[in-house]
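Now for the letters of each chain:
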Amino acid sequence: LVLRRVGVGAHEGEDHIGVVGAGGPHLLAVDDDAVAVDDAPGAQAAEAEPGALARNAIPFTNEPALPLIAVVLTPGDGGVDAESIKGLPFPVTVALDPNAPDAAATAETYRRAGAEVLILPAGLPKGASASDIEVSFATFFAAIPTAVGVIDLPTDGFAADMLGAKQVAAILAADGYGMITYGRGLNSATQEAARLSVPAAEVLRVLDDGGVGESAL
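Anyway, here's the lowdown on the structure attached to this text. (Residues numbered from 1 in each chain as written. Predicted model: local features only at pLDDT ≥ 70, side-chain atom pairs only at ≥ 80, totals over all residues. Heavy atoms only, no water.)

Concerning the overall build of the chain
Within the chain, the secondary structure is distributed over seven helices and nine strands. Taken over 217 residues, the chain has a buried fraction of 46%. Taking as baseline every contact in the chain between residues at least 6 positions apart, the subset at least 24 positions apart corresponds to 66%. Split by element, the accessible area of the chain, about 10,700 Å² in all, is 55% carbon and sulfur. (Helix = DSSP H or I, 4+ residues; strand = E, 2+ residues; numbered from the N terminus. Buried < 20%, exposed > 50% of the residue type's maximum accessible area, 1.4 Å probe, protein only. Contact = heavy atoms within 4.5 Å. Areas by Shrake-Rupley, 256 points an atom, 1.4 Å probe, with all protein chains shown as cover.)

In structure tokens form, the structure reads like this:
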């Protein structure tokens, strides 16, 4: 995936956030030329009481100062071996389905391996009411309390519905979660995220979609 940055990064102190697509592991690049930081009083208050992204981010230092590439893995049915993650020479983020029966344990396994975790909100009813969305996300957060943010589905996700997108952005803003969406159309979710100072980024391209070889990635 290739991303256009529209918010603050996932790693504390760094302009870096991971994003994921559908299917197997995805490689993605981040454009760090467009980072919006809110210095308003509300942002200072949020810093005094760290939200989920700040609480759950894995410490990261870019030394030497090199161009950043964010990598997010979608484990799929076979999962991703935590020991393999430990052996990687760069940090990664793993997107997990909070509806999986072992979601919390799996998230902890990846975090112990040094990976951040994103929530992939599968099963959110299309055209869900405000109360349905609120209950669903409360369940997602309870299932994976160590998540740094939420990544939308590639198709028929919350960003496809204007009212739903606005509510999701408000929910994420309430406890400082990050938001990842796909850059399609007007993208009400990203617009609302910017308005509420929710750290956010858009997916512009899936690099390993369409038969790109391993060597190319």
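With respect to the pattern of salt bridges
This model, assessed by the stated rule, comprises three salt bridges. Residue Asp-175 is joined to Arg-55 by a salt bridge in which the shortest nitrogen-to-oxygen separation is 3.1 Å. Note that Asp-175 is positioned in the loop between α6 (162–174) and β8 (178–182) and Arg-55 in helix α2 (residues 52–56), a separation of 120 residues in sequence. Its relative accessible area of 31% is what places Asp-175 among the partly exposed residues. What makes Arg-55 partly exposed here is its relative accessible area of 41%. A salt bridge links Arg-195 to Glu-192, with the shortest nitrogen-to-oxygen separation between them at 2.7 Å. Of this pair, Arg-195 and Glu-192 both sit in helix α7 (residues 188–195), separated by three residues, roughly a single helical turn. Judged by relative accessible area, Glu-192 falls into the buried class, the value being 11%. (Salt bridge = Lys/Arg side-chain N within 4 Å of Asp/Glu carboxyl O.)

Quick look at the environment of Leu-118
In this structure, Leu-118 sits in strand β6 (residues 116–119). Between the alpha carbons of Leu-118 and Val-148 there is a distance of 5.8 Å; along the sequence they are 30 residues apart.

Let's talk about the packing of α6 against α7
Direction vectors running N to C along α6 and α7 enclose 35°, while the axes themselves pass 8 Å from each other. For the element pair α6 and α7, the recorded crossing hand is right-handed. Residues Met-162, Ala-165, Lys-166 and Ala-169 of α6 lie in contact with α7, whose contacting residues are Ser-188, Ala-189, Glu-192 and Ala-193. Classifying every residue of the contact of α6 with α7 gives five nonpolar, one polar and two charged. (Axes fitted to C-alpha atoms, helices over the stretch in contact; angles between N-to-C directions. Left-handed = near helix turned anticlockwise from the far one by under 90°. Nonpolar A, V, L, I, M, F, W, Y, C, P; charged D, E, K, R; others polar.)

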